[in-house]
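# Overview (structure and organization)
Chain by chain, the residues:
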There are 4 protein chains.
Amino acid sequence: MSERPPASAEHAPGACAAAADYEARVRASFATQGIMALLGATLQAVGPGHCEIRLPYRPQLSQQDGFFHAGVTSTIADSAGGYAGYTVMPADSRVLTVEYKMNLVAPARGELLVARGNVLKAGRTLVVTRVDVDVVAAGEAKLCATLLQTLICMQ
Amino acid sequence: MSERPPASAEHAPGACAAAADYEARVRASFATQGIMALLGATLQAVGPGHCEIRLPYRPQLSQQDGFFHAGVTSTIADSAGGYAGYTVMPADSRVLTVEYKMNLVAPARGELLVARGNVLKAGRTLVVTRVDVDVVAAGEAKLCATLLQTLICMQ
Amino acid sequence: MSERPPASAEHAPGACAAAADYEARVRASFATQGIMALLGATLQAVGPGHCEIRLPYRPQLSQQDGFFHAGVTSTIADSAGGYAGYTVMPADSRVLTVEYKMNLVAPARGELLVARGNVLKAGRTLVVTRVDVDVVAAGEAKLCATLLQTLICMQ
Amino acid sequence: MSERPPASAEHAPGACAAAADYEARVRASFATQGIMALLGATLQAVGPGHCEIRLPYRPQLSQQDGFFHAGVTSTIADSAGGYAGYTVMPADSRVLTVEYKMNLVAPARGELLVARGNVLKAGRTLVVTRVDVDVVAAGEAKLCATLLQTLICMQ
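Residues numbered from 1 in each chain as written. Chains lettered and ligands numbered in written order. Predicted model: local features only at pLDDT ≥ 70, side-chain atom pairs only at ≥ 80, totals over all residues.

Superposing chain D onto chain A takes a rotation of 180 degrees combined with a translation of 0.0 Å along the rotation axis, leaving an RMSD of 0.0 Å. Considering both components of the superposition, the chain copies are consistent with a two-fold axis. No C-alpha of chain D approaches the rotation axis more nearly than that of Lys101(D), which lies at 2.0 Å. Both copies present the same face, since 100% of the interface residues in chain D are matched by interface residues at the equivalent positions in chain A. (Least-squares fit on C-alpha atoms with pLDDT ≥ 70 in both. Contact = placed C-beta atoms within 7 Å.)

Listed below in structure tokens is the structure:
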């Protein structure tokens, strides 16, 4: 009565077929996002179906309690998911965000945000990603936000 | 420059402190959900911060192409997430869904749906869950939907 | 400093250019959704960019407190939004739900659910809808759920 | 068979009972959000259950195509919804965002963003808002994003 049905494969980074030159394309695009420089965000790892962006804290990024503002969290999360998706899109395509939903599961209080985007499903037109954002406080990381995001590949 | 910051702990089933008698409470509540009987859904595994519900296909559950209707998928997913959350709520509480968001990542075409809900963050008032739904076709499971859900504990 | 910028036009039913024969297509498709008959839902008004579906209460549609189950609410809401969107898609196309997010703003306790879907933005590939669901109790309607939904037009 | 059931009242700005001194509280809190100054956003109208925030374009706010970055759009939208909700919360409370979902319905290309948040449902613990964001290009406003947001009142 309780035997397990087969489980679907895990959706791990690296499960996607990345397009040629994906890292160069992602890094070039990231450099043109004015908001990343304004916030002080940096692009860390880029892999097939994966992207990580980090952002150190400063008071200009805060909401009223001095934590990272939810919009700031979502800004680096949206780009982390978008570039994770872009790695699996053709070289001559553009990526746009269709929508996302973000749950804030803990206050984003700390010295660093780390957003990790991973492709959950890569379709030809639409790509779905999951993005987890950790806040690092006193050297300890804690999940503070999680997103489901839908991207569209424009050709 | 690229050394890894500490990563947050995985949010695995079992990471939650379950309330006493959680399984009996969940099974009793499930039995009162009229819609589960109407659809033909059954409650499978219940664990701390985890719940699994299954639903075999029949034509009365379909949308226009003969697949499981998205609303049917969300019905068992909402209950799987809700009961995953209920396992970590006090014995005299009630659980209500605040909201959820569902991405349909593949057509739900097959002979069985399996929804697995897991608690992502258990607060005192709000509980956030993630629910993955597999469709099993010819014995092979494939992710067809994923949800982020927010629950409220009413006392 | 506080003069008002121009406001965007309201997104009212009727704002969309509907495809030929849209009502016949919607009604024919609705008739093939097995779940609508199982629940007892009926298709009411269909207009350009608009669709309304109603569902009378019975105990088989309930969650554990005897209200309409959130999944039942979302089932008719998903179809109301989907068919609102289908009215503005070409005659030879198919409509699929990409994702939706639903907030449950009041308990769905009453004798009737009324879901009204309206197209918010009709793109060539993607259509975004908003669906409001009222519950009618003792003859009085009250908003119980609201959705944002993304559809894809398959050709 | 097709007579109309009663329709729920519209959720217009002003439908909420605002707390005393709500405008002073909102303006004081807004002034402490470091990110608003960094972006250049200004608080415009504040009313019972309503808040409007505007943001003029500059290249530092862009994504890779030169439009407003989705995260920037969501930053002012999150605050517009949050402060709309805060107007109906008690004077000694704090507001936090639980989650939101945003659909980007048109490219945010233009000289100004205008985010208007309105309370959809004001509960004691949770408040649900809807936020519409217009982009103004060559003096013409167009809806570019819409959000559903859940807030929590902390006391």
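Past the structure itself, the notes keep going.
Right, let's get into unusual backbone geometry. Residue and element names in this part refer to chain B. We note that Ala-138 has phi near 50 degrees; this positive angle belongs to a residue other than glycine. Examined against the element boundaries, Ala-138 turns out to sit in the loop between strand S5 (126–137) and strand S6 (140–154). For Ala-138, a count of 6 C-beta atoms within 10 Å gives the class exposed. (Helix = DSSP H or I, 4+ residues; strand = E, 2+ residues; numbered from the N terminus. Buried ≥ 20, exposed ≤ 12 C-beta atoms within 10 Å, placed from the backbone.)

Attention now goes to the packing of helix H3 (residues 70–86) of chain B against helix H3 (residues 70–86) of chain C. When two helices pack together, you describe them by how their axes are tilted relative to each other and by the distance separating the axes. Direction vectors running N to C along H3(B) and H3(C) enclose 160 degrees, while the axes themselves pass 8 Å from each other. When the axes of H3(B) and H3(C) are compared, the pair comes out roughly antiparallel. Crossing hand, H3(B) versus H3(C): right-handed. Side by side, H3(B) and H3(C) meet where Ala70(B), Gly71(B), Val72(B), Ser74(B), Thr75(B) and Asp78(B) of the first sit next to Ala70(C), Gly71(C), Val72(C), Ser74(C), Thr75(C) and Asp78(C) of the second. Split into classes, the residues belonging to the contact of H3(B) with H3(C) amount to four nonpolar, six polar and two charged. (Axes fitted to C-alpha atoms, helices over the stretch in contact; angles between N-to-C directions. Parallel < 35°, antiparallel > 145°, perpendicular 65-115°, else oblique. Left-handed = near helix turned anticlockwise from the far one by under 90°. Nonpolar A, V, L, I, M, F, W, Y, C, P; charged D, E, K, R; others polar.)

Chain D puts 28 residues into the contact, and the matching count from chain A is 28 residues. Looking at the side of chain D that touches chain A, the elements with two or more residues in it are helix H2 (34–39), helix H3 (70–86) and strand S3 (94–104) of chain D. Ranked by the residues each element gives to the side of chain D that touches chain A, the list is headed by S3(D), at eight residues. Of the residues in the side of chain D that touches chain A, the class split is eleven nonpolar, 14 polar and three charged. Across five bridges, the pairing between strand S3 (residues 94–104) of chain A and S3(D) is antiparallel. If you follow Lys101(A) over to S3(D), its bridge partner there is Lys101(D). (Pairing = 2+ DSSP bridges.)

Time to look at the interface of chain C and chain A. Counting residues at the interface gives six residues for chain C, matched by six residues for chain A. The element best represented in the side of chain C that touches chain A is strand S3 (residues 94–104) of chain C, accounting for three residues. Class assignment for the residues of the side of chain C that touches chain A results in two nonpolar, two polar and two charged.

What follows covers the relation of the copies chain C and chain A. Between the two copies, chain C and chain A, the superposition gives an RMSD of 0.0 Å; the rotation angle is 180 degrees and the shift along the axis is 0.0 Å. Interface residue correspondence from chain C to chain A reaches 100%, placing this contact among same-surface, isologous pairings.

This paragraph deals with helix H1 (residues 22–31) of chain C. Every α-helix winds through 3.6 residues per turn, so residues three or four apart in the chain are directed the same way. All names here are of chain C. Buried residues of H1: Tyr-22, Arg-25, Val-26 and Phe-30, and no others. Down the axis of H1, the buried set is contained in an arc of 130 degrees. They therefore lie on one face. Summarising the geometry of H1, the exposed residues directed more than 90 degrees from the buried face are Ala-24, Arg-27, Ala-28 and Ala-31. On its buried face, H1 is in contact with helix H2 (34–39), strand S1 (42–47), strand S2 (50–56) and H3. (Arc of directions from axis to C-beta.)

Right, let's talk about the environment of Lys142(D) for a bit. Tracing the backbone through its elements, the reader meets Lys142(D) in strand S6 (residues 140–154). Separated by 37 residues in sequence, Lys142(D) and Val105(D) have C-alpha atoms that sit 9.7 Å apart.

Looking at chain A as a whole, the pLDDT averages 91, with 90% of positions reaching at least 70. In the predicted complex, the global pTM is 0.91; the interface-specific ipTM is 0.89. (pLDDT = per-residue confidence, 0-100.)

Attention now goes to the sheet that holds strand S5 (residues 126–137) of chain C. Ordered in space as S1(B)-S2(B)-S4(B)-S5(B)-S6(B)-S3(B)-S3(C)-S6(C)-S5(C)-S4(C)-S2(C)-S1(C), the twelve strands form an open sheet in which the pairing is antiparallel. For this open sheet the edge positions go to strand S1 (42–47) of chain B together with S1 of chain C, each flanked by a neighbour on one side alone. Between one strand axis and the next, the sheet turns by 20 degrees as a mean value, whatever way the strands run. Pairing geometry for strand S4 (residues 112–122) of chain C and S5(C), over ten bridges, is antiparallel. The residue of S5(C) that forms the bridge with Leu112(C) is Val136(C). Contacts between H1(C) and the sheet are confined to S1 and S2 of chain C, with S1(C) contributing the most and set at about 160 degrees to the helix. Against the sheet, H3(C) touches strand S3 (94–104) of chain B together with S1, S2, S3, S4, S5 and strand S6 (140–154) of chain C, its axis set at about 40 degrees to S4(C).

With that settled, consider the pairing of S5(C). All names here are of chain C. Burial analysis of S5 places eleven of its twelve residues in the buried class, the great majority of the element. Between S4 and S5, which follow one another and run antiparallel, lie three residues. Here S5 pairs with S6 via twelve bridges, running antiparallel. Bridging from a neighbouring strand, Val-135 pairs with Lys-142 of S6. Counting the residues in the hairpin turn of S5 and S6 gives two residues, including Ala-138, whose phi is positive at 50 degrees.

With that settled, consider the sheet that holds S6(D). An order of S1(A)-S2(A)-S4(A)-S5(A)-S6(A)-S3(A)-S3(D)-S6(D)-S5(D)-S4(D)-S2(D)-S1(D) is seen for the twelve strands of this open sheet, with the pairing classed as antiparallel. Each edge of the open sheet is held by one strand with a lone partner, namely strand S1 (42–47) of chain A together with strand S1 (42–47) of chain D. Taking the axes of each pair of neighbouring strands and ignoring which way they run, one obtains an average angle of 20 degrees across the sheet. Most of the contacts of helix H1 (residues 22–31) of chain A go to S1(A), to which it runs at about 160 degrees, and overall it touches S1 and strand S2 (50–56) of chain A. Together, S3 of chain A together with S1, strand S2 (50–56), S3, strand S4 (112–122), strand S5 (126–137) and S6 of chain D form the strand contacts of H3(D), whose direction differs from that of S4(D) by roughly 40 degrees.

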